Amino acid sequence: MSVRLVVLVSGTGTLLQALLDAQASGRLDGEVVAVGADRDGIEGLARAERAGVPTFVHPYVRGTDRDAWDEELASLIATYSPDLIVSAGYMKLVGRHCLERFGGRLINTHPALLPSFPGMHGPRDALAHGVKVTGATVFTIDAGVDTGRILAQEAVRVEPGDTVETLHERIKVVERILLVDTINNLARGATEGPT
Ligand code: GRF
């Protein structure tokens, strides 16, 4: 089955690009039907536009009603009738509306081996802790921060002399492959996924 994907981004969107490339070369059992962002002017949106994929921007303005923002986000996503919603470098936490509407169908990727080093700084925290192996995790989003059910993981060695940037970059290479593989497994029903 080919799944309809809405991808959420906040930055450069290289994970999104991996999905678009896999789709273009027939390696993705899915179609990116829309890309959403929490800010305008980012490379992630430009990548979607170059690929002819519809985009939407839904910023959260600090101090405003977070619950209303989340409800609106859920409505925007629902417009595209997705089977899966992929948070690919999306730096916002979704709330109860998104979780109620799409629970179990929201997936995220994290640059560490969860439950180690959750949060915004997975590669930095792994380096600071001195671990010799870290990696990438694809998981379902729940109400916590990086606490959802783990769908797939891949290890990445920490090399002597690694900086946050070099380590994160090597993890991202792994994340891109892992994300495509996980979506394909979900689409084929090989991983327990959307219900
Ligand atoms: C990835 O490592 C993702 O796990 C993290 O931010 C990075 C996104 O990179 N949250 P990009 O914007 O897809 O290049």
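On a predicted model such as this, the values are computed, not experimentally measured, just so you know.

Novice: Explain the nonpolar core to me, please; I cannot follow it from the model alone.
Specialist: Among soluble globular proteins, nonpolar side chains are generally buried collectively. By size, the foremost hydrophobic cluster in this structure holds 36 residues, and its most contacted members are Val7 and Ile183. Among the elements that line this core, the one with the most residues is helix 6 (residues 164-187), at nine residues. Mapping this core onto the domain boundaries places at least three of its residues in each of domain 1 (1-103) and domain 2 (108-195). In this structure Val7 touches Leu16, Leu19, Val32, Ala34, Val35, Gly36, Val86 and Ala88, once residues within four positions along its chain are discounted. Grouped together as the second largest cluster of nonpolar side chains are 19 residues, Phe56, Trp69, Ala74 and Leu99 included.

Novice: It is not clear to me how unusual backbone geometry should be interpreted in this structure. Could you clarify?
Specialist: Among all residues save glycine, negative phi is the norm, and among peptide bonds the norm is trans. A cis amide bond, omega 10°, links Leu114 with the succeeding residue Pro115. By secondary structure assignment, the location of Pro115 is in the loop between strand 5 (106-110) and helix 5 (122-129). In this model, Ser81 sits at a positive phi of 45°, which is unusual for a non-glycine residue. For Ser81, the position within the fold is in the loop between helix 3 (66-78) and strand 4 (84-87). Classification of Ser81 by relative accessible area gives partly exposed; the value is 48%. Within the chain, Phe117 stands out as a residue other than glycine whose phi angle is a positive 55°. Positionally, Phe117 belongs in the loop between strand 5 and helix 5.

Novice: Is there a simple way to explain the domain arrangement of the protein chain in this structure?
Specialist: Domain annotation for the protein chain reports domain 1 (1-103) and domain 2 (108-195). Taking only C-alpha atoms into account, the centre of domain 1 sits 19 Å from that of domain 2. Taken together, the 21 residues of domain 1 in the interface contact 18 residues of domain 2. Between domain 1 and domain 2 the total buried area reaches about 1,600 Å² when both faces are included, carbon and sulfur atoms providing 71% of it. For the domain 1 face of the interface with domain 2, the top three residues by lost area are Leu15, Asp29 and Ser87, together amounting to 29%. For the pair domain 1 and domain 2, the number of links is one salt bridge. Across the pair Arg188 and Asp29 runs a salt bridge, and its minimum N-O distance is 2.9 Å. Summed over the shared surface of domain 1 and domain 2, the result is five residue pairs in polar contact (both at pLDDT 80 or more).

Thresholds applied
Residues numbered from 1 in each chain as written. Predicted model: local features only at pLDDT ≥ 70, side-chain atom pairs only at ≥ 80, totals over all residues. Heavy atoms only, no water. Core = buried A, V, L, I, M, F, W, Y, C linked by side-chain atoms within 4.5 Å. Buried < 20%, exposed > 50% of the residue type's maximum accessible area, 1.4 Å probe, protein only. Helix = DSSP H or I, 4+ residues; strand = E, 2+ residues; numbered from the N terminus. Domains from an automatic or database assignment. Contact = heavy atoms within 4.5 Å. Buried area = accessible area lost by both parts, 1.4 Å probe. Salt bridge = Lys/Arg side-chain N within 4 Å of Asp/Glu carboxyl O. Polar contact = N/O pair within 3.5 Å; in protein donor to acceptor, adjacent residues only side chain to side chain.

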